[in-house]
Amino acid sequence: GFNVSSPEVYATALQALELHDGCKFLDIGSGCGMLTTMAALMIGPNGLCVGLDLHAKIVTFSQINVKQWLKTSEKQMKEKIARIEFYQGNVFLCDFVQLDAENRLNLCGNQTESDSELFDAIHCGANCRKEYISDLVRLLKPGGILVTPSEDKMIQVRRAERDCEQSTVRILSEVRYGDLEVPSSREILIERVSRERERRKTRMVAQSKIESEECFVTSLLKVNDEMDAQLQHALGKEHGESSEVHSEWSEFRVRELLRRRFYTKEYSDCEFVLSNNEKDTIRAHSIVLRARCEYFKTRFESGMCDAYGSTLHVPMDFHPQVFLQCLRFIYTGELHAEDEDCAELMKIGRYYGLSDVFFQKCTLKLMQSIHETNAADILVMSFEYAWTPLKNAVIQYILEHFESVKSCANWEELDGRIVSEVLEEHYELNQRLLSFMSPNVPSCSINF
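In what follows, the accompanying structure is described. (Residues numbered from 1 in each chain as written. Predicted model: local features only at pLDDT ≥ 70, side-chain atom pairs only at ≥ 80, totals over all residues. Heavy atoms only, no water.)

Let us look at the sheet that holds strand β10 (residues 311-313). Pairing is mixed in the open sheet, where 3 strands are placed in the order β9-β8-β10. Strand pairing shows two members of the sheet lacking a second neighbour, β9 (281-284) and β10, which therefore form its edges. The mean inter-strand angle of the sheet, taken between neighbouring strand axes irrespective of direction, is 25°. Bridging between strand β8 (residues 270-273) and β10 involves 3 bridges; their strand directions are parallel. Counted as the bridge partner of valine 273 is histidine 313 from β10. In this fold helix α13 (residues 320-332) packs onto β8 and β9, with an angle of close to 5° to the strand it touches most, β9. (Pairing = 2+ DSSP bridges. Helix = DSSP H or I, 4+ residues; strand = E, 2+ residues; numbered from the N terminus. Axes fitted to C-alpha atoms, helices over the stretch in contact; angles between N-to-C directions. Contact = heavy atoms within 4.5 Å.)

Two elements in contact, α13 and helix α14 (residues 342-352), have axes whose closest approach is 10 Å; the angle formed by their N-to-C orientations is 55°. In terms of their interaxial angle, α13 and α14 are classed as oblique. Considering the relative orientation of α13 and α14, their crossing is right-handed. From α13, Val322, Phe323, Gln325 and Cys326 reach across to α14, where they touch Glu344, Leu345, Ile348, Gly349 and Tyr352. A breakdown of the residues in the contact of α13 with α14 according to their chemical character gives 6 nonpolar, 2 polar and 1 charged. (Parallel < 35°, antiparallel > 145°, perpendicular 65-115°, else oblique. Left-handed = near helix turned anticlockwise from the far one by under 90°. Nonpolar A, V, L, I, M, F, W, Y, C, P; charged D, E, K, R; others polar.)

Now for the packing of aromatic side chains. The tally for this structure, following the rule as stated, stands at 16 aromatic pairs. Judged by centre distance (5.7 Å) and plane angle (75°), the rings of phenylalanine 272 and phenylalanine 296 are edge-to-face. Placement of phenylalanine 272 in strand β8 and of phenylalanine 296 in helix α12 (residues 294-300) is noted, with a sequence separation of 24 residues between them. A ring pair is formed by tyrosine 295 and phenylalanine 296, whose centres lie 5.1 Å apart and whose planes are at 90°; its orientation type is edge-to-face. Judged by its relative accessible area of 33%, tyrosine 295 falls in the partly exposed class. By way of ring pairs, the aromatic residues Phe272, Tyr295, Phe296, Phe318, Phe323, Tyr351 and Tyr352 are connected into one cluster. Positioned over the ring face of phenylalanine 300 is arginine 299, at 5.6 Å from the centre of the ring. The side chain of lysine 391 reaches across the aromatic face of phenylalanine 383, ending 5.3 Å from its centre. (Phe/Tyr/Trp six-rings, centres within 6.5 Å; stacked < 30°, edge-to-face > 60°. Buried < 20%, exposed > 50% of the residue type's maximum accessible area, 1.4 Å probe, protein only. Lys NZ or Arg CZ within 6 Å of the ring centre and 35° of its normal.)

Tracing the chain through its elements places lysine 365 in helix α15 (residues 356-369). Taking the C-alpha atoms as reference points, lysine 365 and leucine 335, separated by 30 residues in sequence, lie 9.9 Å from one another. With residues near it in sequence (within four places) discarded, lysine 365 still touches Ala337, Glu338, Asp339 and Cys342.

If you trace the 7 strands from one edge of the open sheet to the other, you get β3-β2-β1-β4-β5-β6-β7, paired in mixed fashion. Because the sheet does not close on itself, it has two edges, and the strands there are β3 (83-88) and β7 (168-174). The sheet shows a mean angle of 15° between the axes of neighbouring strands, taken without regard to direction. Across the face of the sheet, helix α3 (residues 56-72) comes into contact with β2 (48-53) and β3 while running at roughly 165° to β3.

The subject of this paragraph is the nonpolar core. By size, the foremost hydrophobic cluster in this structure holds 57 residues, and its most contacted members are Phe272 and Leu289. The greatest single-element share of this core, amounting to 8 residues, is contributed by α13. Apart from the residues lying within four places of it in its own chain, the contact partners of leucine 289 are Cys270, Phe272, Ala284, Phe296, Lys297, Phe300, Leu312, Leu327, Ile330 and Tyr331. Leu48, Phe92, Leu146 and Ile155 belong to the second-largest nonpolar core, a separate cluster that totals 30 residues. (Core = buried A, V, L, I, M, F, W, Y, C linked by side-chain atoms within 4.5 Å.)

Shown next, in the form of structure tokens:
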């Protein structure tokens, strides 16, 4: 069963919360969902009500209650209520940013990394000791209101508009509630440190995330009429289809055709010479090279003597099989390479000016292959190619495995500038951890 507060206690709390149209409200210890639903009615259809409870069974129970109430309510009532969501969790450990991302609550707005300043109003349905009130205030937007029982009194805490000011506290009534379940300080710190590390990794992946490359059809059609005719010839007719290339062709279809053309002589009009050996060649299609790589587009359209030649010499220091993987990427957008080849792939990719997507694919492979013996080398590579996502990933690895990384010989050979950047990253992380232990929120002078 539930200890449902008396009507006047709910009324006092709801009035003190100063709920308004479109605001975002958090109900801690939401129980059966009664107060959460009342708040949703007051907030209106443009707002959001989040109920949080420790126990999964209670969360399910509250969801059923709201669903049944909405089912029996008039349509007009349903249209006037805010969105209601119930979740299981402890408010001191809950990752609201992750919750927001997974459920599209639009809770964080443009903030993607901070758990602070999320709600306009918060109600706590359990006795919150004085020392933990600042943790709840941290979740409020400036000017936001917390209503909670504390030390046998129902209080209203209004967060200050500016950090230099103090939050104000007002006693509403005398009440008696059960204590809010609070994890140990150690548990809270461990959770926040873990969350920070995960966010950093997520940030790296997000920076390196392979967005869907511009549609092959579109990129191939960024050509003039003369090139379009060549493209039709390069792709050729398949099973009686028209060879005309139009925007309605699916990307899958064009990719499939290019896969068939890759590393074949069919319809080819140029060739790469490898290792300075005229017999070691790879046939290619100049139209595909021009459409998919700025280097070759510039070369073939330069008007210089070599613009009209069909022979393309590959630098001797490029390993033929690694170069072939770069060429495969130009044709198909796919990268099939061993981890140990990624360094040379990035070197070749920079030489030919391949797209950021190519470097993102190399980065993801390298991020998965970082270990103590190669971390320093990959760090140097990230500086050499000025590729921030890779640099962030390897620095994070080094900070987490510093003892083993620094014992490797290649760490001793690092340039001082690179070591300095690792130290700066460590300092920033340390500052973040200190902020977890001393939340930067306007102070609350709780004197009853």
